Amino acid sequence: MRDAFVIGAGQSSYGSFPTESYRSLFRTAFEGTVESVDDGIDPDEIDEAFIGMISIGGRQLGLSAPAVTEHAGLHGIPTTRVENACAASGSAVRHAVQAVKSGMADVVLAGGVEMMTDLSSDTTRYWFGVSGETEWERMAGTTFSGVYAQIASAHMSEYGTTREQLSRVAVKSHQNGAMNPKAHLDFECSLEQAENAATVADPLTLYHCCPTSDGAAAVLVASENVAREYTDRPVRIAGVGAASDGVGLFQRDSYTNLPATRKAGRDAYEMAGLTPDDIDFAEVHDCFSIAEILAYEDLGFCEVGRGGQLIEDEVTTLEGDLPVNTSGGLKSKGHPIGATGAGQLVEAFDQLRGTAGDRQVEDAQIGLTHNVGGSGGAAVVHILESPDRTEVGA
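A brief look at the structure comes next. Not measured: the values here are computed from a predicted model.

Scoring rules and cut-offs
- Residues numbered from 1 in each chain as written.
- Predicted model: local features only at pLDDT ≥ 70, side-chain atom pairs only at ≥ 80, totals over all residues.
- Heavy atoms only, no water.
- Helix = DSSP H or I, 4+ residues; strand = E, 2+ residues; numbered from the N terminus.
- Rg over C-alpha atoms; globule rule 2.2 N^0.38 Å.
- Buried < 20%, exposed > 50% of the residue type's maximum accessible area, 1.4 Å probe, protein only.
- Contact = heavy atoms within 4.5 Å.
- Salt bridge = Lys/Arg side-chain N within 4 Å of Asp/Glu carboxyl O.
- Polar contact = N/O pair within 3.5 Å; in protein donor to acceptor, adjacent residues only side chain to side chain.
- 1 Å grid on protein atoms, 1.4 Å probe; cavity = no way out; pocket = protein on both sides within 12 Å on 5 of 7 lines; lining within 4 Å.
- Points joined across faces, edges and corners; volume = space filled by probe spheres on them.
- Pairing = 2+ DSSP bridges.
- Axes fitted to C-alpha atoms, helices over the stretch in contact; angles between N-to-C directions.
- Parallel < 35°, antiparallel > 145°, perpendicular 65-115°, else oblique.
- Nonpolar A, V, L, I, M, F, W, Y, C, P; charged D, E, K, R; others polar.

### Let's talk about the overall build of the chain
Piece 1. The helix and strand inventory of the chain stands at 12 helices and 11 strands.
Piece 2. The globule rule puts the C-alpha radius of gyration for 394 residues at 21 Å, and the 19 Å found for the chain is close to it.
Piece 3. Principal-axis analysis of the C-alpha atoms places the extent of the chain at approximately 55 × 40 × 35 Å.
Piece 4. Going through the 394 residues of the chain one by one, you find that 61% of them count as buried.
Piece 5. Here the contacts in the chain between residues at least 6 apart in sequence split such that 78% fall between residues at least 24 apart.

Written out as structure tokens, the structure reads:
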């Protein structure tokens with residue numbers, strides 16, 4: 001199969017935008033993506049589009065993907081909405097890679113968008129809940145913060161993980177997000193603030209939970225046949241992995257790992273011919289601080305049960321050996337559900353091309369993105385390589 005490359009990537013700011021719509025936010029992300037293509041691209045050269053979206057609040061559930069691509073000026077191309085809970089646009093990128101590798105398309109747009117802040121709290125809780133196990137969790141009154149609180153409690157009991165270690169994840173994320181002009185919560189927080197904030201679902205405090213965000217993100221994936229027509233520095237998608245699992249937490253053998261992440265990671269490493277030791281930085285799905293600690297372990301960055309120690313030893317800070325969530329992650333950058341996975345690739349694209357500004361990881365050559373749906377019902381992992389590592393068509 002042909003190699004696939006990211007030739008452009010962009011996103012809107014994440015936050016609360018009462019004067020915007022899901023169409024206008026996506027257009028902003030698309031225009032930024034087009035502007036990032038070094039030698040330019042005509043929208044007419046885009047063959048297909050895959051758009052991740054849950055359509056929070058029930059807005060335009062049918063044909064929501066054509067609604068945003070037509071508004072952005074992509075007239076007539078085949079456009080497909082991808083719904084896979086919080087892994088929607090990570091899955092959309094995977095579909096784009098498949099289309100390019102198969103030879104059915106040369107340039108594919110993959111992205112996502114969500115409007116989430118214009119609803120009542122009760123309505124928002126409902127639409128969050130639809131990505132969990134409906135019959136036995138949501139209808140019984142369980143929220144996602146409650147589900148991840150159970151995961152955190154189990155991890156603490158089994159491995160000795162502490163609430164302070166959860167708080168250190170939040171502190172790191174906010175330090176990085178404060179340097180990201182597109183971040184929703186673009187401010188730092190102290191360890192004391194994270195520890196002493198209001199409890200959302202014990203042991204999780206407010207600072208252990210991501211915000212509800214509006215936003216959009218997009219990437220352009222091109223084949224090796226045409227990538228050089230658009231840029232001399234394309235980013236190769238070296239590996240892709242995806243997996244699913246029982247939607248409900250109660251359906252799994254353990255509360256302290258996500259099997260879908262483990263399988264998606266293994267498949268991505270195998271396709272790329274790489275190991276966890278080769279990764280220079282990662283964007284992982286930290287909807288709650290405990291989720292980042294699980295990702296350390298499930299993706300092979302440390303031994304099982306040692307995720308809390310990894311953050312305590314500052315391995316995953318911007319100055320550490322393996323920076324994680326340089327963008328601020330879902331915790332600080334924000335979590336507009338349908339846009340989150342594509343937004344992770346935007347950060348990876350910038351890091352691998354050396355354009356991440358104050359957040360730049362020194363000599364970043366290989367990056368990983370990790371996008372999870374619900375509490376682990378789906379997971380998608382992408383591994384990307386710097387333009388300095390590979391030749392197009394090699």
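### Examining the pattern of salt bridges
Piece 1. Counted according to the given criterion, the structure contains 14 salt bridges.
Piece 2. Here Arg2 ties to Asp106 by a salt bridge, and the two come within 2.9 Å at their closest N and O atoms. With Arg2 in the segment before β1 (4–11) and Asp106 in the loop between α3 (88–102) and β4 (107–114), the pair connects residues that are 104 residues apart, well separated along the chain.
Piece 3. Its relative accessible area of 27% is what places Asp106 among the partly exposed residues.
Piece 4. We note a salt bridge from Arg262 to Asp298, for which the minimum N-O separation is 2.9 Å. Taken together, the positions of Arg262 in helix α8 (residues 259–272) and Asp298 in helix α9 (residues 289–298) put the pair 36 residues apart, joining distant regions of the chain.
Piece 5. Sharing partners across several salt bridges, the network here consists of Asp3, Arg236, Glu385 and Arg389.

### Brief notes about unusual backbone geometry
Piece 1. With omega at 15 degrees, the peptide bond leading from Asp202 into Pro203 counts as cis.
Piece 2. Mapped onto the elements, Pro203 comes out in the loop between β5 (199–201) and β6 (204–205).
Piece 3. Of note in this structure, Glu314 is not a glycine but carries a positive phi near 65 degrees.
Piece 4. With respect to the element layout, Glu314 can be found in the loop between α10 (307–312) and α11 (329–332).

### Things to note about the environment of Asp363
Piece 1. Inspection of the secondary structure assignment puts Asp363 in the loop between α12 (340–352) and β10 (366–373).
Piece 2. Here Asp363 falls in the exposed class, since its relative accessible area comes to 59%.
Piece 3. Along the chain, Asp363 and Asp280 lie 83 residues apart, while their C-alpha atoms are 8.4 Å from each other.
Piece 4. A polar side-chain atom of Asp363 sits 3.1 Å from a polar atom in the side chain of Gln365.

### Looking at the layout of surface pockets
Piece 1. In this model, the largest pocket occupies a volume close to 730 Å³.
Piece 2. In terms of lining residues, the largest pocket is bounded by 28 residues, among which Phe128, Ser145, Cys210, Thr212 and Phe288 are the most central.
Piece 3. Elements supplying a minimum of two residues to the lining of the largest pocket: α4 (121–129) and α5 (144–159).
Piece 4. Looking at the lining of the largest pocket, the element that brings in the most residues is α4, giving five residues.

### Examining the sheet that holds strand β2 (residues 48–52)
Piece 1. Taken together, nine strands build an open sheet; the order of strands is β3-β2-β4-β7-β1-β8-β11-β10-β9 and the sheet is mixed. Strands with a single pairing partner mark the edges of an open sheet, and in this sheet they are β3 (79–82) and β9 (281–283). Sheet twist, expressed as the mean angle between neighbouring strand axes with direction ignored, is 25 degrees.
Piece 2. Bridge count between β4 and strand β7 (residues 215–223): eight bridges; the pairing is antiparallel. Paired with Gly111 across the bridge in β7 is Ala218.

### Some points on the packing of helix α6 (residues 163–177) against α9
Piece 1. Between α6 and α9, whose axes approach to 8 Å, the crossing angle comes to 95 degrees. Classified by the angle their axes make, α6 and α9 are roughly perpendicular. In this structure, α6 uses Gln165, Leu166, Val169, Ala170, Lys172 and Ser173 to contact α9, whose residues at the interface are Ser289, Ile290, Glu292, Ile293 and Tyr296.
Piece 2. A per-class count over the contact of α6 with α9 returns six nonpolar, three polar and two charged.

### Re α9
Piece 1. Counting buried residues in α9 gives 10 out of 10 residues, a clear majority hidden from the surface.
Piece 2. Along α9, the residues classified as buried are Ser289, Ile290, Ala291, Glu292, Ile293, Leu294, Ala295, Tyr296, Glu297 and Asp298.
Piece 3. For α9, the secondary structure elements touched by its buried residues are α5, α6, α8, α10 and β10.
Piece 4. Following α9 by one or two positions, Gly300 adopts a phi angle in the positive range, close to 85 degrees.

### Some points on the side chain of Ser213
Piece 1. For Ser213, the position within the fold is in the loop between β6 and β7.
Piece 2. Ser213 sits in the buried class, given a relative accessible area of 0%.
Piece 3. Within the local environment of Ser213, its side chain forms a polar contact with the side chain of His184, the two groups lying 2.8 Å apart.
Piece 4. Of the polar contacts made by the side chain of Ser213, one reaches the backbone nitrogen of His335; its length is 3.1 Å.
Piece 5. Once residues within four sequence positions are removed from consideration, Ser213 is found in contact with Gly15, Glu114, Met116, Thr117, His184, Gly334, His335 and Pro336.

Everything listed here is a matter of coordinates, which is why it stays silent on function.
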